[in-house]
Amino acid sequence: MSNSQSRFTLRADNAQYDSAMSKSEKATRDVDKSQKDLGKNAESSAGGVDRLTDAVGRGREKLNGFAKVAASAGAAMTVALVKHGLSSADALAKTADQVGITTQSLAGLHHAAELSGAGTAAMDKSLEKLSIRMSEAAAGTGVAVDVFEALGISAESIVELAPDEAMYKVADALNSVENSAQKTKIAYDIFGRSGVSLINTFAEGSEGLRTYQKEAEAAGIALNRIDARKIEMANDAMFKNKQLFTGFSQQLAVKFAPLLAGIADKLFGVGKEAGGM
């Protein structure tokens, strides 16, 4: 081989070597860059996980806070419901005893009165008036005899009924009166002023009142007398405890009254000597 050919071959080999080295260095730089990018991505991912963990923690804290608030609200609502139930059931039992009917029957009549717009107070007053009219009819005195006779009801038959059954009977009889003015007058004569507002309650007669009775029983508001008595006993016990605390506070006031009076007198004396405040 000639010298010129040798030099050409050497230069070619050098060029190939340089090219290979250049590619190798580039590959090394690419690997280094990939490693750096991977490190950055790993750091970013770790930061994202940390942020996600923090967010989950904050969310859990908020949920715990909401749960505590809900539990407190639920407890307060339960106390309010129990208090309302004790009050309404106690009043129902006492009124039923006063007018001489069962608590279940009175609950049904209350339900009917509320739905017709008359209200429970009007029903209670009307039952009281009806009891008085029934007593008058039994004695043959007052306007009761004539009023019942005008409805086609004999005094002898109605005095044998419980007040709620008598009301059912009067409701059917009132619905047979076509003249509205006469119907209003009869309702007033039997039940008093509150009875006028019950005309709409009686519109469906005894059948409608008994339907309301069933609705009250289905709703759980028609308590029997035994259950009502339990509530009365609970209310009585709580009232006695309230009276106990009232008495304790009054006794404290009696004990501390002389001391408070002495302090007040001394303060007044000091102020007086100082020529007023």
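### Describing the overall build of the chain
Secondary structure assignment for the chain yields 10 helices and zero strands. Its helices and strands in sequence order give the chain the pattern α-α-α-α-α-α-α-α-α-α, from N to C terminus. Buried residues in the chain amount to 27% of all 277 residues. In the chain, once contacts between residues fewer than 6 apart in sequence are set aside, the share between residues at least 24 apart is 63%. In the structure as shown, the chain presents an accessible area of about 18,600 Å², 59% of it carried by carbon and sulfur atoms.

### Overview of the nonpolar core
Ranked by size, the top nonpolar core spans 41 residues in total, and within it F148, L151, V170 and I190 carry the most contacts. Looking at this core, the elements that each hand over two or more residues are α1 (3-99), α2 (103-116), α3 (120-139), α4 (144-150), α5 (155-158), α6 (163-175), α7 (180-191) and α9 (205-219). In this structure I190 touches K129, L130, R133, V147, F148, L151 and V170, once residues within four positions along its chain are discounted.

### Here we look at the packing of α6 against α7
Remark: α6 packs on α7, axes separated minimally by 10 Å, with the N-to-C direction vectors making an angle of 160 degrees. Accordingly, the angle class assigned to the pair α6 and α7 is roughly antiparallel. Crossing of α6 over α7 shows right-handed handedness. Of the residues in α7, those in contact with M167, V170, L174 and N175 of α6 are K183, I186, A187, I190 and F191. Its residues placed into classes, the contact of α6 with α7 shows seven nonpolar, one polar and one charged.

### With respect to the pattern of salt bridges
In total, this model carries three salt bridges according to the counting rule given. Between R133 and E136 there is a salt bridge whose closest N-O contact spans 3.5 Å. Here the residue R133 and the residue E136 both occupy positions in helix α3, the gap between them amounting to three residues, near one helical turn. Its salt-bridge partner being D189, residue K185 comes within 2.9 Å of it at the nearest N-O pair. Of this pair, K185 and D189 both sit in helix α7, four residues apart, roughly one helical turn.

### Some points on the environment of M123
Tracing the chain through its elements places M123 in helix α3. Exposure remark for M123: the relative accessible area of 0% places this residue in the buried category. Once the C-alpha coordinates of M123 and L198 are considered, the two residues, 75 residues apart in sequence, prove to be 7.4 Å apart. Sequence-distant contacts of M123, defined by excluding residues within four places in its chain, comprise L109, H110, A113, M167, L198 and T201.

### Some details on the packing of aromatic side chains
In this structure the tally under the stated criterion is one aromatic pair. Pairing F191 with F202 gives two aromatic rings, centres 5.5 Å apart and planes at 45 degrees, and the pair type is tilted. Of the two residues, F191 is situated in helix α7 and F202 in the loop between α8 (193-196) and α9; the sequence distance between them amounts to 11 residues. F202 matches F191 in its accessibility class, with the two residues each being buried.

### Some remarks on the packing of α3 against α7
Between α3 and α7, whose axes approach to 7 Å, the crossing angle comes to 80 degrees. The pairing of α3 with α7 is recorded here as roughly perpendicular in orientation. In contact with K125, S126, K129, L130 and R133 of α3, α7 contributes D189, I190 and F191. Across the contact of α3 with α7, the residue classes break down as three nonpolar, one polar and four charged.

Scoring rules and cut-offs
Residues numbered from 1 in each chain as written. Predicted model: local features only at pLDDT ≥ 70, side-chain atom pairs only at ≥ 80, totals over all residues. Heavy atoms only, no water. Helix = DSSP H or I, 4+ residues; strand = E, 2+ residues; numbered from the N terminus. Buried < 20%, exposed > 50% of the residue type's maximum accessible area, 1.4 Å probe, protein only. Contact = heavy atoms within 4.5 Å. Areas by Shrake-Rupley, 256 points an atom, 1.4 Å probe, with all protein chains shown as cover. Core = buried A, V, L, I, M, F, W, Y, C linked by side-chain atoms within 4.5 Å. Axes fitted to C-alpha atoms, helices over the stretch in contact; angles between N-to-C directions. Parallel < 35°, antiparallel > 145°, perpendicular 65-115°, else oblique. Left-handed = near helix turned anticlockwise from the far one by under 90°. Nonpolar A, V, L, I, M, F, W, Y, C, P; charged D, E, K, R; others polar. Salt bridge = Lys/Arg side-chain N within 4 Å of Asp/Glu carboxyl O. Phe/Tyr/Trp six-rings, centres within 6.5 Å; stacked < 30°, edge-to-face > 60°.

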